[in-house]
Amino acid sequence: MRRRLIAGLALAMVASTVAACGSDKDSGGSGTSSGGVDNVTVGVIPIIDVAPIYLGQSKGFFKTRNIELKLEAGQGGAAIVPGVVSNQFQFGFSNLTSLMIAQTKNVPIKAIAAGVSTTGEQKKDFGALVVKAGSPIKTAKDLVGKKVSVNTLKNIGDTATRNSVRLAGGDDKKVNFVEMPFPNMQAALEKGDIDSAWVVEPQLSAIKAAGGTEIASTFVDIDPKLTIAAYFTSQKLIADNPDLVKRFTDAINESLTYADGHPDEVRQILTTYTKIDDKTRAAVILPKWPIEINKASVQKVADLGTQDGIFSSAPDLGKLLP
Amino acid sequence: MTSARRGNPVLLGFAGLAGLLLILELVPRLGLVNERFLPPTSRIAAALADEVGTAVFWQSLGDTLYAWAVGLLIAVVAGVVAGLVIGSVPVLRELTASTVEFLRPIPSVALIPLAVLLYGTELGSTLLLVCYASFWQVLVQVLYGVADVDPVAEETARSYRFSAWGRVRYVLWPTALPYVFTGFRLAASVALVLAITAELVIGAPGLGKEIATAQASDAVATMYALIVVTGALGVVINLLTRTGERRLLAWHQSVRGEVSL
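Residues numbered from 1 in each chain as written. Chains lettered and ligands numbered in written order. Predicted model: local features only at pLDDT ≥ 70, side-chain atom pairs only at ≥ 80, totals over all residues. Heavy atoms only, no water.

A. Representation of the packing of aromatic side chains within the structure. Under the criterion given, the structure shown has twelve aromatic pairs over all chains. Judged by centre distance (5.1 Å) and plane angle (65°), the rings of Phe 93 of chain A and Tyr 231 of chain A are edge-to-face. Separated by 138 residues along the polypeptide, Phe 93 of chain A in strand S3 (residues 91-95) and Tyr 231 of chain A in strand S10 (residues 227-234) bring together distant segments of the chain. The residues Phe 93 of chain A and Tyr 231 of chain A share a single accessibility class, namely buried. Here Phe 162 of chain B and Tyr 170 of chain B contribute two aromatic rings whose centre-to-centre distance is 6.3 Å and whose plane-to-plane angle is 85°, an arrangement assigned as edge-to-face. Assessed through its relative accessible area of 35%, Phe 162 of chain B is described here as partly exposed. Positioned over the ring face of Tyr 170 of chain B is Arg 169 of chain B, at 5.1 Å from the centre of the ring. (Phe/Tyr/Trp six-rings, centres within 6.5 Å; stacked < 30°, edge-to-face > 60°. Helix = DSSP H or I, 4+ residues; strand = E, 2+ residues; numbered from the N terminus. Buried < 20%, exposed > 50% of the residue type's maximum accessible area, 1.4 Å probe, protein only. Lys NZ or Arg CZ within 6 Å of the ring centre and 35° of its normal.)

B. Seen up close, the sheet that holds S10 of chain A. All names here are of chain A. Read across the sheet, five strands follow the order S2-S1-S3-S10-S4 without closing on themselves; strand pairing throughout is mixed. Because the sheet does not close on itself, it has two edges, and the strands there are strand S2 (67-73) and strand S4 (109-117). Neighbour-to-neighbour, the strand axes of this sheet turn through a mean angle of 25°, independent of strand direction. In this structure, S4 lies alongside S10, joined through seven bridges in antiparallel fashion. Bridging from a neighbouring strand, Ala 113 pairs with Tyr 231 of S10. Those strands touched by helix H4 (residues 96-104) are S3, S4 and S10, and its axis lies near 105° from that of S3. (Pairing = 2+ DSSP bridges. Axes fitted to C-alpha atoms, helices over the stretch in contact; angles between N-to-C directions. Contact = heavy atoms within 4.5 Å.)

C. Structural detail: the sheet that holds strand S6 (residues 147-150) of chain A. Residues and elements named next belong to chain A. Pairing is mixed across the open sheet formed by five strands, whose spatial order is S7-S6-S8-S5-S9. Edge positions in the sheet fall to strand S7 (176-179) and strand S9 (213-216), since each of these pairs with one other strand and no more. Taking the axes of each pair of neighbouring strands and ignoring which way they run, one obtains an average angle of 35° across the sheet. The strands touched by helix H6 (residues 182-191) are strand S5 (127-131), S6 and strand S8 (196-200); relative to S8, the strand with the most contacts, the crossing angle is about 150°.

D. Quick peek at the pattern of salt bridges. Taken as a whole and judged by the stated rule, the model has 25 salt bridges over all chains. With its nearest N and O atoms 3.9 Å apart, the salt bridge here joins Arg 162 of chain A to Asp 308 of chain A. Of this pair, Arg 162 of chain A sits in helix H5 (residues 156-167) while Asp 308 of chain A sits in the loop between helix H13 (295-307) and helix H14 (317-320); the two residues are 146 residues apart in sequence, bridging distant segments of the chain. For the pair Arg 162 of chain A and Asp 308 of chain A, a shared accessibility class is recorded, and that class is buried. As a salt-bridge pair, Glu 51 of chain B and Lys 275 of chain A come within 3.3 Å of each other at their nearest N and O atoms. Note that Glu 51 of chain B is positioned in helix H2 (residues 41-52) and Lys 275 of chain A in the loop between helix H11 (263-273) and helix H12 (278-283), a pairing that runs across two chains. Taking the relative accessible area as the measure of exposure, Glu 51 of chain B reaches 9% and is therefore buried. Relative accessible area serves as the criterion here: at 15%, Lys 275 of chain A is assigned to the buried category. Where salt bridges share partners, they join Arg 162, Arg 166, Asp 172, Lys 173 and Asp 308 of chain A into one cluster. (Salt bridge = Lys/Arg side-chain N within 4 Å of Asp/Glu carboxyl O.)

E. Representation of the nonpolar core within the structure. Within the largest apolar cluster, 97 residues are counted, with the highest numbers of intra-cluster contacts made by Val 42, Val 44, Ile 53, Tyr 54, Leu 69, Met 100 and Phe 248 of chain A. No other element matches helix H10 (residues 242-261) of chain A, which puts eight residues into this core. If sequence neighbours within four positions are ignored, Tyr 54 of chain A has contacts with Val 44, Leu 71, Ala 73, Ile 269 and Tyr 273 of chain A. Judged by nonpolar contacts, the second largest core, of 60 residues, contains Val 100, Ile 112, Val 138 and Ala 198 of chain B. (Core = buried A, V, L, I, M, F, W, Y, C linked by side-chain atoms within 4.5 Å.)

F. Layout of the packing of helix H8 (residues 164-202) of chain B against helix H10 (residues 220-248) of chain B. Residues and elements named next belong to chain B. Remark: H8 packs on H10, axes separated minimally by 10 Å, with the N-to-C direction vectors making an angle of 165°. Taken together, the axes of H8 and H10 are roughly antiparallel relative to one another. In the crossing of H8 with H10, the sense of the turn from one axis to the other is right-handed. Note on element contacts: H10 touches H8 through Thr 230, Leu 233, Gly 234, Ile 237, Asn 238, Thr 241, Arg 242, Glu 245 and Leu 248, opposite Pro 178, Phe 181, Thr 182, Phe 184, Arg 185, Ala 188, Leu 192 and Ile 196. (Parallel < 35°, antiparallel > 145°, perpendicular 65-115°, else oblique. Left-handed = near helix turned anticlockwise from the far one by under 90°.)

G. Spatial organisation of the pairing of S10 of chain A. All names here are of chain A. Buried residues dominate S10, accounting for eight of its eight residues. One ladder, built from five bridges, connects S3 with S10; its direction is antiparallel. Within S10, the residue paired with Asn 95 across the bridge is Ala 229.

Quick look at the structure:
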């Protein structure tokens, strides 16, 4: 009798141990009003692009709208879309290509505010294709048959690169892409593992400082007004609490406008959530933060991505964009 | 422990570490690797000094230690209890053997998507990975420990009509204890590795996340400084568990038989 009891207990335990392991803490952070104030968690990536939301937080743009903001800087953004869908985060920051991929897979999300845009100036953008000092590659056309690194395959990096190669008159089908995190690209470039790297700040500045040269401003090549990323939320939150979404959007827009007008404060706020050193901080090219999502430019990315086979079907921007 | 005969092991240990630091200082200075990708020891030390002065560093260290300790505790308790029960019931042992062997080699990091889905970037994600990895370390050791019980002692206890609890308390547990400690020591290291990995990859709060942020910020020296901290943490944890093991098992033959330091 006793033995059978022990056996039963043991079975139950084995079955539940793994499940029980992680479940002693409830996933706090999400939640709504407490005394008229909404607690909001936003999933962001700790890069320059999201400086406005940190700045807006410190300026109190969210507090005045009764939003208590908590910023969760996840790595690489892998956790952001699932985080928003599962309501771990009420809002998130992601590049529009990733959002369009999610949209074509019917993930219930919707962009609610612009995230970050190109500066629109050739050779003075915050993302570019670069080669190492002394490389024989001079333009995007020379990338044919060469190896180019992007941070994520089948995303904005290879679409933008292919586009620039085509514009320069090369055959984009003959460019070889490899996936590599941004911080590893400079070493790979100098070692000769790759011929060119598609990078953003602060790595762009670092590579240029080491003598590398820019061969194409890929964002500008797509559209001088290209909106690259956006803040988004779940369709459920839009349906359940449109007032909160409205207040959050207003606060974000105020933050974006403020950041665009105060580059010095942007460079300063970077010290609070990145570890970019002072020299690089002064040197990096800041993006633009207009408040409108430039639909025509996003449509171009959608078309390019569809043409390159990144999307399983053409993204429905009417459903994705506000 | 044989090195004890050749000189003071603590001194030798420090000399080894100093040698390593010297090599790491020289390698970039001699141009064997680019200084940008591996800064000399002195620059890493300077970056470390800067980091130690920030509140964020201590907060992250605390977060990592908390995740490590909680995860380890859950894994050890679950592992010991499950191990004792499964180990002492032959049917269960047969029943679970293949399942354990199937689940054990699955790398904890493979559970990252699941962890993210369940807990986002919260502590729970880290705990899931830590528990999964450490649990098997403990469980398998405890199973070995239980199997190691002297059949004569076991039969003797039975003949004297020890209760089930008595047999566990006086026969099973003392035999299994050194294995439990070995499991604990292994799990303690594995838990630290997994805690930092989870923070690094998922972005859960802690030292790993700081390393990732430093990497994304192109702050190479700071990144190495934080990696050094995690290494030092591993050494400290290992030293503590070994010392604890030696103290608490001082009565046991496996420790008594050792050449003392």
